[in-house]
Amino acid sequence: MFIVSIYMAPKGSPLYATGSPKYNLVQTKTTGMKKPSPKADKRRESWNRGLEKALVELLLEHNNPYHRSQNGWSSETWNMMVKIVNSRYKHVHFTKFQIQDKEKDLKRDYRMLRDARKECGVGWIEERCMIQAEPHLWDNLENSFGKRIKKFRKNGYFLSMIC
């Protein structure tokens, strides 16, 4: 015969181990305040055309076998590029993730425009680095590539002069 005892925690004592997710959840419900996120104090820097152009030039400058591994730039090269950008432009402070994210966005835009130029009836204005198409073709491009292509309807892709 087994005797089972049930331990009832006294009122106000924690039912869960301190630091466990359930304890933190109970604490936020009882106190009504959440702990601040560790990322909350980091500000998000904004990119402008000059910074984007500088980043592309820096990426092209380091596009050699010494700085690249099989799948992209090495971690040391990314860290070096972060230091270079932050030292050249004192008014901004980018993290490695922000620079990698911007590089990914620029590649996505380039590939999208490259593929859009191959569509039937779509032209390219070399002087303005801009897609030329009739309104119904822009609707087709938006259906094919999503809303991201809308920003290139009135503005050219200024980085195509560099690459």
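What counts as what
Residues numbered from 1 in each chain as written. Predicted model: local features only at pLDDT ≥ 70, side-chain atom pairs only at ≥ 80, totals over all residues. Heavy atoms only, no water. Helix = DSSP H or I, 4+ residues; strand = E, 2+ residues; numbered from the N terminus. Buried < 20%, exposed > 50% of the residue type's maximum accessible area, 1.4 Å probe, protein only. Contact = heavy atoms within 4.5 Å. Areas by Shrake-Rupley, 256 points an atom, 1.4 Å probe, with all protein chains shown as cover. Axes fitted to C-alpha atoms, helices over the stretch in contact; angles between N-to-C directions. Parallel < 35°, antiparallel > 145°, perpendicular 65-115°, else oblique. Nonpolar A, V, L, I, M, F, W, Y, C, P; charged D, E, K, R; others polar. Core = buried A, V, L, I, M, F, W, Y, C linked by side-chain atoms within 4.5 Å. Salt bridge = Lys/Arg side-chain N within 4 Å of Asp/Glu carboxyl O. Expected span 1.5 Å × (residues − 1). Polar contact = N/O pair within 3.5 Å; in protein donor to acceptor, adjacent residues only side chain to side chain.

Caption draft 1: Representation of the overall build of the protein chain within the structure. Within the protein chain one finds five helices and four strands. Starting at the N terminus and ending at the C terminus, the protein chain contains elements arranged as α-α-β-β-α-α-β-β-α. Here the protein chain holds 163 residues, and the buried ones make up 29% of them. Once local pairs closer than 6 in sequence are excluded, the contacts in the protein chain between residues at least 24 apart make up 52%. For the protein chain, the accessible surface area stands at approximately 12500 Å², while carbon and sulfur atoms represent 54% of it.

Caption draft 2: Structural detail: the packing of helix α3 (residues 75-88) against helix α4 (residues 96-117). Taken N-terminus to C-terminus, the directions of α3 and α4 make an angle of 100 degrees; their axes are 9 Å apart at the nearest point. Here α3 is positioned roughly perpendicular relative to α4, judged by the angle of their axes. Residues Ser75, Trp78, Asn79, Met81, Val82 and Val85 of α3 lie in contact with α4, whose contacting residues are Lys96, Ile99, Gln100 and Glu103. Grouping the constituent residues of the contact of α3 with α4 by class yields five nonpolar, three polar and two charged.

Caption draft 3: Expanded view of the environment of Trp78. The topology assignment puts Trp78 in helix α3. The buried category is assigned to Trp78, whose relative accessible area is 7%. Sequence separation between Trp78 and Thr95 is 17 residues, and the spatial gap between their C-alpha atoms is 9.8 Å.

Caption draft 4: View of the nonpolar core. Counting 29 residues, the largest nonpolar core has Ile99, Ile131 and Leu141 as its most contacted members. Elements that contribute at least two residues to this core include exactly α2 (49-61), α3, α4 and α5 (135-145). Residue contacts for Ile131: discarding those within four places in its chain leaves Leu113, Ala116, Arg117, Val122, Gly123, Trp124, Trp138 and Leu141.

Caption draft 5: Summary view of unusual backbone geometry. Positive phi values are uncommon outside glycine, yet Cys129 reaches one of about 50 degrees. Of note, Cys129 is situated in the loop between β3 (123-125) and β4 (130-132).

Caption draft 6: Highlighting the pattern of salt bridges. According to the stated counting rule, one finds eight salt bridges in the structure shown. The shortest N-O distance in the salt bridge between Glu103 and Lys107 comes to 3.1 Å. Residue Glu103 and its partner Lys107 are located together in helix α4, separated by four residues, close to a single helical turn. Between Arg148 and Asp105 there is a salt bridge; the shortest N-O distance is 3.8 Å. Within this pair, whereas Arg148 is found in the segment after α5, its partner Asp105 is found in helix α4, the two being separated by 43 residues in sequence. Taking the relative accessible area as the measure of exposure, Asp105 reaches 18% and is therefore buried. A network of salt bridges, in which partner residues are shared, links Asp105, Arg108, Asp109, Arg148 and Lys151.

Caption draft 7: Focus on α2. Here α2 spans 18 Å end to end across 13 residues, near enough to the 18 Å set by a 1.5 Å rise per residue. Considered for burial, the residues of α2 that qualify are Leu51, Glu52, Ala54, Leu55, Val56, Leu58 and Leu59. Where α2 is buried, its residues contact β2 (72-73), α3 and α4. With a side-chain oxygen positioned 3.1 Å from the backbone nitrogen of Gly50, the residue opening α2 is Asn48.

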